[in-house]
Amino acid sequence: MSAGTPKYRRILVKMSGEALMGKSDYGIDPEVIHRLAGEIKELAACGAQVAIVIGGGNILRGQGLAAKGIDRVTADHMGMLGTVINALALQDALERIGLFARVMSAIRVNQICEDYIRRRAVRHLEKGRVVIFAAGTGNPFFTTDSAASLRAIEINAELMIKATKVDGVYSADPRKVRDARRYDQLDYDQVLVDKLGVMDATAVVLCRDHALPLRVLDMSKPGALLRAVMGGKEGTLVTNVARAGPGP
């Protein structure tokens, strides 16, 4: 592999809505979304085809609303609309720095974005456009993690990246457990058995059953996305066959 050739030509990045908040308690920080757009532009510049699934936790969470008494199906639909807002904001940030981007929604909001159609999404990627998948799977009770796994499999992505606030997968929450161990590599079954909280179980099983590699990394670390796509050992790699053990 040459220095300028990505190891993975088609990837899907799953990022949380909280990634857009910056230091705020909610909403979208323009400075943060501009930085994220710059990171994505680096991926496109190296020749990678980039798809994105973004959550809506910076605006509202369906599960959280349901816990406060709102009907769960209604709450999840509200959460889906939150992801559409984030997707449109990211599309705007990407277009302002010269990238072509398309938002494709699992629920019909034709006046502001396209419906999700698998073949059209693949065609956008082949033309070098960044595709942002919004509204999860379009169904209540399914997380955006599950949506990310599903979309990654549907578009034949070679790698899914879970962009988080920590630099990989740990044996326990490193913010609460001082001696928590970070894993360099993991097997999907170990993630499920040990309940390591990488993603929800449905998302993990989808990746496992379709042999889709997953890399979990710190999105706030400059260049982390590019290093992962180029094949670097960034964060934690989760596959079906991997050396399960803590990092140094």
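Details of the structure are given in the entry above.
Residues numbered from 1 in each chain as written. Predicted model: local features only at pLDDT ≥ 70, side-chain atom pairs only at ≥ 80, totals over all residues. Heavy atoms only, no water.

## Describing the packing of aromatic side chains
What counts is decided by this rule: Two rings from Phe, Tyr or Trp (for Trp, the six-membered ring) form a pair when their centres sit within 6.5 Å of each other. Planes less than 30 degrees apart are called stacked, planes more than 60 degrees apart edge-to-face, and all others tilted. We count a stretch as a helix when DSSP gives it H or I for four or more residues in a row; a strand needs E for two or more, and each element gets its number in order from the N terminus. For each residue, the accessible area found with a 1.4 Å probe, counting protein chains only, is set against the maximum for its type, and the residue is called buried under 20%, exposed over 50%, and partly exposed in between.
Tallied over the entire structure, the rule returns one aromatic pair. Ring centres 5.4 Å apart and planes at 85 degrees place the aromatic pair Tyr-116 and Phe-133 in the edge-to-face group. Pair noted here: Tyr-116 is in the loop between strand 4 (114–115) and helix 4 (118–126) and Phe-133 is in strand 5 (residues 130–134), with a separation of 17 residues, a long-range link. In terms of burial, Tyr-116 and Phe-133 fall into one category: buried.

## Overview of the nonpolar core
Defined as follows: The term nonpolar core refers to a set of buried residues drawn from Ala, Val, Leu, Ile, Met, Phe, Trp, Tyr and Cys, joined through side-chain atoms within 4.5 Å. The contact criterion used throughout is that any non-hydrogen atoms of two residues lie within 4.5 Å.
Formed by 42 residues in total, the largest nonpolar core has its most connected members in Ile-11, Met-15, Ile-40, Ile-52, Leu-94, Val-130 and Ile-161. Counting only elements with at least two residues in this core, the list comes to strand 1 (10–15), helix 1 (30–45), strand 2 (49–54), helix 3 (72–96), strand 3 (101–105), strand 5, strand 6 (159–164) and helix 8 (224–229). Take this core: its biggest share by element is seven residues, from helix 3. Apart from the residues lying within four places of it in its own chain, the contact partners of Ile-52 are Val-13, Met-15, Ile-40, Leu-90, Val-130, Val-131, Ile-132 and Phe-133. Residues Ala-51, Val-53, Leu-214 and Val-216 belong to the second largest nonpolar core, which totals 31 residues.

## Notes on the layout of surface pockets
Spelled out, the test is: Both site types are read off a 1 Å grid over the protein atoms alone. A 1.4 Å probe that fits but cannot get out defines a cavity, while an open set with protein on both sides within 12 Å along at least five of seven lines defines a pocket; lining residues have an atom within 4 Å of a point. Grid points are joined across faces, edges and corners, and a volume is the space filled by probe spheres set on the points. Throughout this entry, Asp, Glu, Lys and Arg are counted as charged residues, while Ala, Val, Leu, Ile, Met, Phe, Trp, Tyr, Cys and Pro are counted as nonpolar. The remaining residues, Gly among them, count as polar.
Space inside the largest pocket adds up to approximately 1,300 Å³. As for the largest pocket, its lining consists of 49 residues, of which Ser-16, Glu-18, Arg-61, Asp-145 and Lys-162 are closest to the centre. Among the elements of the structure, helix 1, helix 2 (62–67), helix 3, helix 5 (144–154), strand 6 and strand 7 (169–170) are those that each provide at least two residues to the lining of the largest pocket. A per-element tally of the lining of the largest pocket places helix 3 first, with five residues. Of the residues assigned to the lining of the largest pocket, the class counts are 18 nonpolar, 20 polar and 11 charged.

## Looking at the side chain of Asn-86
We apply this condition: Polar contacts, as used here, are pairs of N or O atoms within 3.5 Å; protein pairs need one atom able to donate a hydrogen and one able to accept it. Residues neighboring in sequence count only if both atoms are side-chain atoms.
Inspection of the secondary structure assignment puts Asn-86 in helix 3. Among the polar contacts made by the side chain of Asn-86, one reaches the main-chain carbonyl oxygen of Gly-55 at a distance of 2.8 Å. Residue contacts for Asn-86: discarding those within four places in its chain leaves Gly-17, Leu-20, Ile-28, Ile-54, Gly-55, Gly-56, Asn-58 and Ile-59.

## Details of helix 7 (residues 201–209)
Worth spelling out the cut-off: What the arc describes is the spread of directions from the helix axis to the C-beta atoms.
Along helix 7, the positions that sit buried rather than exposed are Ala-203, Val-204 and Cys-207. When helix 7 is viewed along its axis, its buried side chains cluster within an angular range of 100 degrees and face the same direction. Check the buried side of helix 7 and you find it contacts helix 5, strand 6 and helix 6 (188–193). With a side-chain oxygen positioned 3.1 Å from the backbone nitrogen of Thr-202, the residue opening helix 7 is Asp-200. At the exit of helix 7 stands Ala-211, carrying a positive phi of roughly 50 degrees.

## Some remarks on the pairing of strand 10 (residues 236–239)
Consecutive residues of a regular strand have side chains that alternate between opposite faces of the sheet. Threshold: Note: two strands are recorded as paired if DSSP finds a minimum of 2 bridges between them.
Taking every second residue as pointing to the same face, both faces of strand 10 are buried, with Thr-236 and Val-238 on one and Leu-237 and Thr-239 on the other. Direction of pairing for strand 8 (residues 182–187) relative to strand 10: parallel, over a ladder of three bridges. Counterpart to Gln-185 in the pairing with strand 10 is Leu-237. As paired strands, strand 9 (residues 214–218) and strand 10 are joined by three bridges and run antiparallel to one another. The partner of Leu-214 across the bridge, within strand 10, is Val-238.

## Section: the side chain of Glu-18
Inspection of the secondary structure puts Glu-18 in the loop between strand 1 and helix 1. For Glu-18, a relative accessible area of 18% corresponds to the buried category. Residues in contact with Glu-18, not counting those within four places in the same chain, are Gly-57, Asn-58, Arg-61 and Lys-165.

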